[in-house]
Amino acid sequence: MRKNKSLIARIVILACALTFLYLPILMLIIYSFNESKMVTVWTKASLHWYYELFSDSQIGHAVLISLTVAFMTACASVVIGTLAAFVLVRVRSFTGESLFVLLITAPMVLPEVITGLALLMLFVSLGEIIPWFADRGIFAIWIAHVTFCSAYTTVVIRSRFRELDISIEEAAMDLGAGPIKVFFAVILPAIMPAEVAAFLLSFTMSMDDLVITSFIAGPDSTTLPMLIFSSVRRGLSPEINALATIIVLIVSIFTFFAWLSMVKKQKRMASDAAKAAKAAKLEQQRSTFHSKI
Amino acid sequence: MSTGFSANMSFIRRAFQAKRRPTKLSKPHNRTWRDYALILVPYLWMILFFLLPFLIIFKISLSVSEIAIPPYSPLVTFEEGAMQIILHLENYTSIFTDEDGTYFRSYVKSLQVAGLSTLFCLIIGYPIAWALATCKPTARNVLFMLVIMPSWTSFVVRIYSWMTIMKRDGLINDILMGIGIIDSPIQMLQTDFAVYVGITYCYLPYMVLPLFSALMKVDYSLIEASYDLGCRPVKTFFNSLIPQTKSGIIAGSMLVFIPALGEYVIPELLGGKGSILIGRILWQEFFNNRDWPLASAVAIIMLIILVIPIVWFYKIERKEQEKLYAQK
């Protein structure tokens, strides 16, 4: 009886939660196919706003900048994250470790207005010494994004590092592999799933960042979120609906693949566990058989 | 915090690895110069681009606004061979003794909005996390992905979606009027209500993830035992479930509260003239008034308020980490 009740409770809770989470997005998608300029009055289905969107050169430029920055950010923050994770898991308890952990944790929670302001002040101050920092273009945005994305990549990669069995590395060392060879031949293949996850995570975060980028970006480097924000501030526009629909579509494709890999991994783990259990059982049977003899 | 899916992948991993076989503990090996070289790259990056900027805004907060490039007065000046260091405390005093009390009120209001939103996230997020953690593994995977997927889409787009349905002629008003609860549309946009909804909606996944991870590790036999001993569900909840998920509750609350305190985008788009939160003040001082020193002082005070929650979050993170080591 209690079990039945809790099942119903679970279904109700999850149905409400998913409605809350998806209703606004769903409405956005539906109205992106509306012909009328009024976002909330339905007239006729059409792809008019998609056509408008694709012929908008400003958006095209912003997408290009965002993609460039996101790609460079993802690459760099995976490298920094891997180094930091390696240091935190393998080297451990070095001088200044707690400061290091704090510096890696803080960017995840700190309000973005503070981080953005602080980084801009840094660039302005550095610009007085090195003029290169003063024109705040793509590279400045890249540095800012790498700084906060590295915090996340470190966390993701670190948790995978912890699961590694160090004896495999030691075996490779004993067989004469140097530390660099061990890293590329043993460690890297083992942490690859986390590297991919960290790459995608920092890519999406860099694509999505608005506040920090608004502080840093100079007049020529408007990213996609900045463009969306300024257009939303002016009022509702069906073009943004169309853009949002495309973003949601891309994200759901990626989510589907993430889910697929998760299911695969769990199946593999389950079958490994089943095999181990079977082997143990066989072993036990054999030993009882022997003891009987 | 437009940090996309942010909120800590570690929570997910921890949750799913909870029941795995422990692997051999790696012992820290002897440190060589190579290790120090490895430490140096991420360490220097974070010090240069994360720690140093804060020292710089602290420095700038002690100067005054000037019409110059950069638009603030220098701290150290040389005049006729004498070195002068001038520390202006005007920015700080003006924040506290401002006649309208705008700054002080906006700090209080930010604390209130962030605190209440955190509470809403907790109240909504806890049942969701519980439902996720206790359902069948196959369904769990799908539902889990569905719950966090919205946070991977664009932050601004999610707020925009609420603007469309909370409009005067938006979906919510249409439904309420259709049922006959209200006669004329209610103003929802540009009110504090909209800000609460927006923050709760955007930050909900960051609350659900750590709670989910904590609930996955709960020893449900203890709950059964408490039932068998005759405890009512409410008592069981407060005496058994809450203490077992304490670290998840704290981590989730901090992940919502800290970034929500400085939130700029949500009050700007959903809130009205009255929703003056501190993130908005900072933005205005910086972009509209171009008063960099004052904006820096506002940021420094916000940082001081946040020191305690950040350290709390950091301690929880470290404790979880040490627990993992101890397990292995």
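Definitions and cut-offs
- Residues numbered from 1 in each chain as written.
- Chains lettered and ligands numbered in written order.
- Predicted model: local features only at pLDDT ≥ 70, side-chain atom pairs only at ≥ 80, totals over all residues.
- Helix = DSSP H or I, 4+ residues; strand = E, 2+ residues; numbered from the N terminus.
- Buried ≥ 20, exposed ≤ 12 C-beta atoms within 10 Å, placed from the backbone.
- Contact = placed C-beta atoms within 7 Å.
- Pairing = 2+ DSSP bridges.
- UniProt positions renumbered as here; feature names shortened; annotations may be inferred.
- Nonpolar A, V, L, I, M, F, W, Y, C, P; charged D, E, K, R; others polar.
- Core = buried A, V, L, I, M, F, W, Y, C linked by C-beta atoms within 7 Å.
- Axes fitted to C-alpha atoms, helices over the stretch in contact; angles between N-to-C directions.
- Parallel < 35°, antiparallel > 145°, perpendicular 65-115°, else oblique.
- Left-handed = near helix turned anticlockwise from the far one by under 90°.
- pLDDT = per-residue confidence, 0-100.

**Things to note about the overall build of chain A**
When helices and strands are tallied, chain A shows 11 helices and 0 strands. Along the chain direction, N to C, the helices and strands of chain A fall in the order α-α-α-α-α-α-α-α-α-α-α. If you line up chain A on its principal axes, its C-alpha atoms span 85 × 65 × 35 Å. The buried share of chain A, taken over its 293 residues, is 39%. For chain A, the proportion of contacts with a sequence separation of at least 24, taken over those separated by at least 6, is 77%.

**Description of the overall build of chain B**
For chain B, the helix and strand inventory stands at 14 helices and 2 strands. Residues classed as buried in chain B amount to 43% of the 328 residues present. Residue pairs in contact within chain B that sit at least 24 positions apart in sequence constitute 74% of those at least 6 positions apart.

**Looking at the pairing of strand E1 (residues 76–79) of chain B**
Residue and element names in this part refer to chain B. Bridge analysis of E1 against strand E2 (residues 82–85) gives 4 bridges, and the strand direction is antiparallel. What sits directly across from Glu79, in E2, is Ala82. Hairpin connection of E1 to E2: 2 residues between the antiparallel strands, including Glu80 at a positive phi of 50 degrees.

**Looking at the UniProt feature "transmembrane region" (unreviewed entry) in chain B**
All names here are of chain B. According to UniProt, the feature "transmembrane region" (unreviewed entry) maps to residues 36–58, 113–133, 139–160, 193–212 and 292–314 in the numbering used here. What you have in residues 36–58 is 100% helix and 0% strand, and the ends, taken at the C-alpha atoms, are 30 Å apart. Helix makes up 100% of residues 113–133 and strand 0%, whereas the separation of the span's terminal C-alpha atoms amounts to 29 Å.

**Structural notes on the interface of chain A and chain B**
If you look at the interface, chain A gives 84 residues, while chain B gives 88 residues. Its residues placed into classes, the side of chain A that touches chain B shows 63 nonpolar, 11 polar and 10 charged.

**What about helix H10 (residues 224–234) of chain A?**
Buried within H10(A) we find Leu224(A), Pro225(A), Met226(A), Leu227(A), Ile228(A) and Phe229(A). Directly after H10(A), the chain includes Gly235(A), whose backbone phi takes a positive value near 140 degrees.

**Observations concerning the nonpolar core**
In terms of nonpolar packing, the biggest core is built from 158 residues, with Leu117(A), Leu119(A), Ile216(A), Ala129(B), Ile159(B) and Leu282(B) touching the most fellow members. The dominant element in this core, judged by the number of residues it contributes, is helix H8 (residues 192–216) of chain B, at 17 residues. Ignoring any residue separated from it by four or fewer positions in sequence, one finds Ile216(A) in contact with Gly116(A), Leu119(A), Leu120(A), Phe123(A), Arg136(A), Ala140(A), Ile141(A) and Ala144(A).

**A word on the packing of helix H6 (residues 155–166) of chain B against H8(B)**
Residues and elements named next belong to chain B. In the contact formed by H6 and H8, the axes pass within 11 Å of each other and the chain directions differ by 140 degrees. Overall, the two elements H6 and H8 adopt an arrangement that is oblique. Once H6 is placed against H8, the crossing between them reads as right-handed. Seen from H6, the contacting residues are Phe155, Arg158, Ile159, Trp162 and Met166; seen from H8, they are Ala194, Val197, Gly198, Tyr201 and Cys202. A per-class count over the contact of H6 with H8 returns 8 nonpolar, 1 polar and 1 charged.

**What to know about unusual backbone geometry**
Residues and elements named next belong to chain B. You will see that Gln190, though not glycine, has its phi angle at about 60 degrees, which is positive. By secondary structure assignment, the location of Gln190 is in the loop between helix H7 (171–179) and H8. For Gln190, a count of 16 C-beta atoms within 10 Å gives the class partly exposed. Residues other than glycine seldom take positive phi values, yet Arg290 does so here, at roughly 50 degrees. You can see Arg290 is positioned in the loop between helix H13 (278–288) and helix H14 (292–327). Overall, the presence of 13 C-beta atoms within 10 Å leaves Arg290 in the partly exposed class.

**Notes on the environment of Met207(B)**
Residues and elements named next belong to chain B. Topologically, Met207 is positioned in helix H8. Each C-alpha atom of the pair Met207 and Leu38 lies 34 Å from the other, and the pair is 169 residues apart in sequence. In contact with Met207, other than residues within four places in its own chain, are Cys121, Leu122, Gly125, Gly252, Leu255 and Val256.

**Brief notes about the packing of helix H5 (residues 112–129) of chain A against helix H2 (residues 33–61) of chain B**
Interhelical geometry of H5(A) versus H2(B) gives an angle of 85 degrees and a closest axis separation of 8 Å. The orientation of H5(A) with respect to H2(B), classified from their angle, is roughly perpendicular. Between H5(A) and H2(B), the contacting residues are Leu117(A), Ala118(A), Leu119(A), Met121(A), Leu122(A) and Ser125(A) on the first element and Phe49(B), Leu52(B), Pro53(B), Phe54(B), Ile56(B), Ile57(B) and Ile60(B) on the second. Here the contact of H5(A) with H2(B) is built from residues that sort into 12 nonpolar, 1 polar and no charged.

**Examining the confidence of the model for chain B**
Fine structural detail should not be taken from predicted coordinates in areas where pLDDT scores are low. The pLDDT averaged across chain B works out to 84; a share of 89% of its residues lies at or above 70. Confidence estimates for the predicted assembly give a pTM of 0.86 and an ipTM of 0.86.

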